Amino acid sequence: MSLAITSIGLSHVGDAAGTPLDGDAIVCEDGVITWIGSSADVAPGDHEIVLDAQGAGVVPGLIDSHVHSTFGDYTPRQKTVGFLESYVHGGVTRAISASEVHVPGRPSDPEGVKALAVAAQRAFAHFRPGGMTVHGGSVILEPGLTYDDFAYLREQGVWLAKGGFGAVSSPLDYVDLVADARRAGIVTTVHTGGGSIPGTLERMDAEAMLRIDPDVSFHCNGGPTAMPTAADNERLVREGRMALQLVMAGNLRSSLDICRLAREHGQEHRILIASDTPTGTGVVPLALWHLSAELVSLGGLTWRQAVASMTGQVADVYGLDAGRLEVGRPADLVILDAPLGSAGTTWAEALEAGDVPGVCAVVTDGTVRLTKSRNTPAARRNVRVTGTIPAPSAGGH
């Protein structure tokens, strides 16, 4: 499949600097970006499908690094079918499991959590709900797991681990578990703030997080309950090295405080913007854009930094090849514009005004998944399609 996108307006390749494309056109073939240049050099007859963006912008597909996937496109906590496909309509092209803690009757013994992680990883290896790539299978850190267990999991394709829901007696019980998982090549994440499920630790504060030292401080603004004091936020930003994940389903006041601290100390590159859904907050397809609009319009984050926090910076932390609009990268991208009625005339100005952009089209694996979002507000511009977009295959593959 050959796809060309032309007449691109304001763009962002996904890096921390917010670098624009070197041109206004992109060509994708066989699921990969193969060329970036001028629309004048694109011959429509050379491509099966051409999307004329008509001045709308393009950014990498968003990567939500905190999604409570279970199995299939279903969330038992909300009893909702098709939520992942709906997230694609919000511009999310990849979801990273926050561990399968919401699986009914989930096991808590070492063999059980290993089996659950492997099963989830396998279940999403080729399943593409709405065209989304789901990185499933995050082992829940439980007492009794050893380095050999983590090495086995890594061999099986599991590369994520989650602390905060295990049957530990103290937060510091995670120190050795996280160290062993990291040594085995697994990306480690730990629940931050107040406990969200009965029977787990009541609180994970900055002192505990600094001692545990995971790769990612999951919802450091609370999920949904924030750390107890402003001093916790400051310690996490100033003394820590882990990524600072801010989620829509957390505490907004804490989000703004951590955002301010990150800016003051030059740590914006550590910020990740995620959803932490589906949880008690619900199924929220526009969660990333919603939080971005708040952080840009109220928290002092630039629109360039906000997009990087949902794309390239996430990819860097998790070791993914996605998240950037560069030749050779996966062809996952979002065409977007200011929504009708916004004070902004571009999608970036809309964010600065506190508005959620309108999604005009979404491409994953080089395939056009939609040309009008059913979730975002209507965009000022609509893409013009030349060629026939294939109908989605059964099962969302």
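I will try to describe carefully the structure that is included in this document. What you see is a predicted model, and the numbers here were worked out from it, not measured in a lab.

### Quick look at the environment of Ser69
Consideration 1: Structurally, Ser69 is set in the loop between strand E6 (62-67) and strand E7 (74-75).
Consideration 2: A sequence separation of 209 residues divides Ser69 from Pro278, and the C-alpha atoms of the two residues are 8.0 Å apart.

### Some points on the side chain of Thr93
Consideration 1: Within the element layout of this structure, Thr93 appears in strand E9 (residues 92-97).
Consideration 2: Given the relative accessible area of 1%, Thr93 is considered buried.
Consideration 3: Ignoring anything within four residues of it in the chain, the contact list for Thr93 reads Gly61, Leu62, Met132, Thr133, Asp332, Val362, Val363 and Thr364.

### What about the pattern of salt bridges?
Consideration 1: Enumeration according to the criterion identifies 19 salt bridges in this entry.
Consideration 2: Across the pair Asp213 and Arg241 runs a salt bridge whose closest N-O atoms are separated by 2.4 Å. Residue Asp213 is found in the loop between helix H5 (206-212) and strand E16 (216-218), and its partner Arg241 is found in the loop between helix H6 (230-239) and strand E17 (243-247); the two are separated by 28 residues along the sequence.
Consideration 3: Using a relative accessible area of 16% as the deciding quantity, one classes Asp213 as buried.
Consideration 4: Given a relative accessible area of 60%, Arg241 falls into the exposed group.

### Details of the nonpolar core
Consideration 1: Core analysis: the largest hydrophobic core is formed by 79 residues, its most contacted members being Phe150 and Ile273.
Consideration 2: Sorting elements by how many residues they give to this core places helix H8 (residues 287-297) first, with 7 residues.
Consideration 3: Ile273 has contacts with Ile63, Leu246, Leu288, Leu291, Ser292, Leu295, Leu301, Ala306, Ser309 and Met310, leaving out every residue within four places of it along the chain.
Consideration 4: In terms of nonpolar packing, the next biggest core, distinct from the first, is built from 23 residues, Ala53, Val58, Leu325 and Ile335 among them.

### Let's talk about unusual backbone geometry
Consideration 1: The omega angle of the peptide bond from Gly223 to Pro224 is 0°, so this bond is cis rather than trans.
Consideration 2: Structurally, Pro224 can be placed in the loop between E16 and H6.
Consideration 3: The linkage connecting Thr277 with the following residue, Pro278, adopts the cis geometry, with an omega of -10°.
Consideration 4: Along the chain, the position of Pro278 falls in the loop between strand E18 (271-274) and H8.

### Brief notes about the pairing of strand E2 (residues 25-29)
Consideration 1: Burial within E2 is extensive, with 4 of its 5 residues counted as buried.
Consideration 2: Across 4 bridges, the pairing between strand E1 (residues 2-6) and E2 is antiparallel. From the neighbouring strand, Ala4 faces E2, where its bridge partner is Val27.
Consideration 3: As judged from the 5 bridges shared by E2 and strand E3 (residues 32-37), these two strands associate in the antiparallel manner. Residue pairing across strands places Val27 opposite Trp35, the latter belonging to E3.

### Overview of helix H4 (residues 174-183)
Residues spaced three or four apart along an α-helix point in a common direction, a consequence of the helix completing one turn every 3.6 residues.
Consideration 1: Along H4, the residues that are buried comprise Tyr174, Leu177, Val178 and Ala181. Buried residues in H4, looked at end-on, bunch into an arc of 95°, giving them a common side. More than 90 degrees from the buried face of H4, the exposed residues found are Asp176 and Arg183.
Consideration 2: The inward-facing, buried residues of H4 contact helix H3 (147-155), strand E12 (160-163), strand E13 (187-191), strand E15 (203-204) and H5.
Consideration 3: Just downstream of H4, Gly185 is the residue with a positive phi angle, here 90°.

Cut-offs and rules
- Residues numbered from 1 in each chain as written.
- Predicted model: local features only at pLDDT ≥ 70, side-chain atom pairs only at ≥ 80, totals over all residues.
- Heavy atoms only, no water.
- Helix = DSSP H or I, 4+ residues; strand = E, 2+ residues; numbered from the N terminus.
- Buried < 20%, exposed > 50% of the residue type's maximum accessible area, 1.4 Å probe, protein only.
- Contact = heavy atoms within 4.5 Å.
- Salt bridge = Lys/Arg side-chain N within 4 Å of Asp/Glu carboxyl O.
- Core = buried A, V, L, I, M, F, W, Y, C linked by side-chain atoms within 4.5 Å.
- Pairing = 2+ DSSP bridges.
- Arc of directions from axis to C-beta.

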